[in-house]
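Listed here are the chains, written in short residue letters.
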Amino acid sequence: MHVSPTVWIVTCLVILGLFVFDFFAHVRVPHAPSIKESGFWSAFYITIALIFGGFVWWKWGSTSGTEYYAGFVTEKALSVDNLFVFVIVMAKFAVPREYQQKVLLLGIVMALVMRGAFIAVGAAAISAYSWVFYLFGAFLIFTAIKLLRESDHVVEAEEERESRIQKFVKKVLRTSDNYDGDKLFTRENGKRLATPMLMVLIVIGFTDVLFALDSIPAIYGLTEEPYIVFTANAFALMGLRQLYFLLGGLLDKLVYLSFGLSFILGFIGVKLVLHALHENTLPFINDGEHLSVPQISTPVSLSVIVGTLVITTVASLLKTRSDERKAAPLPSDKSPE
């Protein structure tokens, strides 16, 4: 797959243009978006992502197209996990709902920039050292186990992590406890102070770095093409702000999402290890020779990922509905006198 510099430049300009449009069309004037607005724009960005996948398929063939769709679905699923963190952060800092859009959009842009750096580093490492797939695979398997262990106390784990970031930021910046609209800085008693809005933005930014450590190795388990990795990440992050307002309380109903994501990360981790064994060059493994091990194709990976997400979502909603029925008060047996 050859991607010319011109295609890279045009793609980056289009993505930048979509973010600029998003800011001026929805974020510049603070407001709390309605369900209708959030639903329309979520569908809009997902449609654009799917159409772009069709372009990749047409331009570079079915293999590249399938890799893009597999990467997009995986990154979108992992980004939904980000929404849990966003909810926790917004609640902890009591961010007014009408100002949440700005901090979310800025956080998403920061996430894309940082992921771009990770993608470049990952591409250079893979190009120079094939054994990097061992590291990626082992890290994803470790992350899957860690996510599985934290599945019962996700909120506590995230709050502890954010508390450490908050303490560090307060040591570096002079902060205010009061919001000043959606401004990142304010003046109190003649002093320039950072508002809680900036604190929220920094916490979300640092959190996105941690999420990138999982998502970038995961998508490199599905494709080795930096262009597909970057665009799948970019389109997965687009519309994440609208999805945050659209899902809202529904996130609490996805009780098995962590289990599904854990399985997906573990599955891709195993796929990476198998690929590393197939391309092995490490002298202490099979004398540096390739091993004949089964390879997991991209269509199979896409089927497993989509199937896992569907099963996880359906099982979560059934479990939530069952719990709600059990918690509902029983109708009174007494007849009116």
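The structure we're discussing is the one just above.
Residues numbered from 1 in each chain as written. Predicted model: local features only at pLDDT ≥ 70, side-chain atom pairs only at ≥ 80, totals over all residues. Heavy atoms only, no water.

1. Considering the overall build of the chain
Here's step 1: Looking only at helices and strands, one finds eleven helices and two strands in the chain.
Here's step 2: The linear arrangement of helices and strands in the chain, starting from the amino end, is α-α-α-α-α-α-β-β-α-α-α-α-α.
Here's step 3: Here the chain, with 337 residues, has 46% of them falling under the buried criterion.
Here's step 4: Surface accessibility of the chain: about 17,200 Å² in total, with carbon and sulfur atoms responsible for 66%. (Helix = DSSP H or I, 4+ residues; strand = E, 2+ residues; numbered from the N terminus. Buried < 20%, exposed > 50% of the residue type's maximum accessible area, 1.4 Å probe, protein only. Areas by Shrake-Rupley, 256 points an atom, 1.4 Å probe, with all protein chains shown as cover.)

2. Examining the pattern of salt bridges
Here's step 1: With the rule as written, the count across this model stands at two salt bridges.
Here's step 2: One salt bridge connects E75 with R115, and the closest N-O pair in it is separated by 3.3 Å. Taken together, the residues E75 in helix α3 (residues 62-92) and R115 in helix α4 (residues 100-128) connect sequence positions 40 residues apart. (Salt bridge = Lys/Arg side-chain N within 4 Å of Asp/Glu carboxyl O.)

3. Section: the pairing of strand β2 (residues 191-194)
Here's step 1: Looking at chain direction, strand β1 (residues 185-188) and β2 are connected through four bridges and run antiparallel. Within the sheet, the bridge partner assigned to F185 lies in β2 and is A194.
Here's step 2: Two successive antiparallel strands, β1 and β2, enclose a turn made up of two residues, where N189 displays a positive phi of approximately 55°. (Pairing = 2+ DSSP bridges.)

4. Some words on the packing of helix α2 (residues 35-60) against helix α9 (residues 240-247)
Here's step 1: For the pair α2 and α9, the least separation of the axes is 8 Å and the interaxial angle reads 140°. Relative to α9, α2 is oriented oblique. Along this stretch, α2 crosses α9, giving a crossing that reads as left-handed. Contacts from I35, S38, G39, W41, S42 and Y45 in α2 reach Q242, L243, F245 and L246 in α9. (Axes fitted to C-alpha atoms, helices over the stretch in contact; angles between N-to-C directions. Parallel < 35°, antiparallel > 145°, perpendicular 65-115°, else oblique. Left-handed = near helix turned anticlockwise from the far one by under 90°. Contact = heavy atoms within 4.5 Å.)

5. Observations concerning a nonpolar patch on the surface
Here's step 1: On the surface, a cluster of nonpolar side chains totalling about 500 Å² of accessible area is made up of I9, L13, L16, V20 and F24.
Here's step 2: Mapped onto the elements of the fold, L16 is located in helix α1 (residues 5-27).
Here's step 3: Residue class for L16 comes out exposed when judged on its relative accessible area of 51%. (Patch = residues over 30% accessible without salt bridge, like charges linked within 9 Å, V, L, I, M, F, W, Y side chains within 5 Å.)

6. Section: helix α5 (residues 132-149)
Here's step 1: For α5, built from 18 residues, the straight-helix expectation of 26 Å at 1.5 Å per residue is met to within 8% by its first-to-last C-alpha distance of 26 Å.
Here's step 2: Taken as a whole, α5 has its buried residues at V132, F133, Y134, F136, G137, L140, T143, A144 and L147.
Here's step 3: On its buried face, α5 is in contact with α3, α4, α7 (196-220) and α10 (257-278). (Expected span 1.5 Å × (residues − 1).)

7. Side note on α1
Here's step 1: In this model α1 runs 31 Å from its N-terminal to its C-terminal C-alpha over 23 residues, within 8% of the 33 Å that 1.5 Å per residue would give.
Here's step 2: Residues T11, I15, L18, F19, D22, H26 and V27 constitute the buried set of α1.
Here's step 3: Where the residues of α1 are buried, they touch α2, α4, α8 (226-237) and α9.

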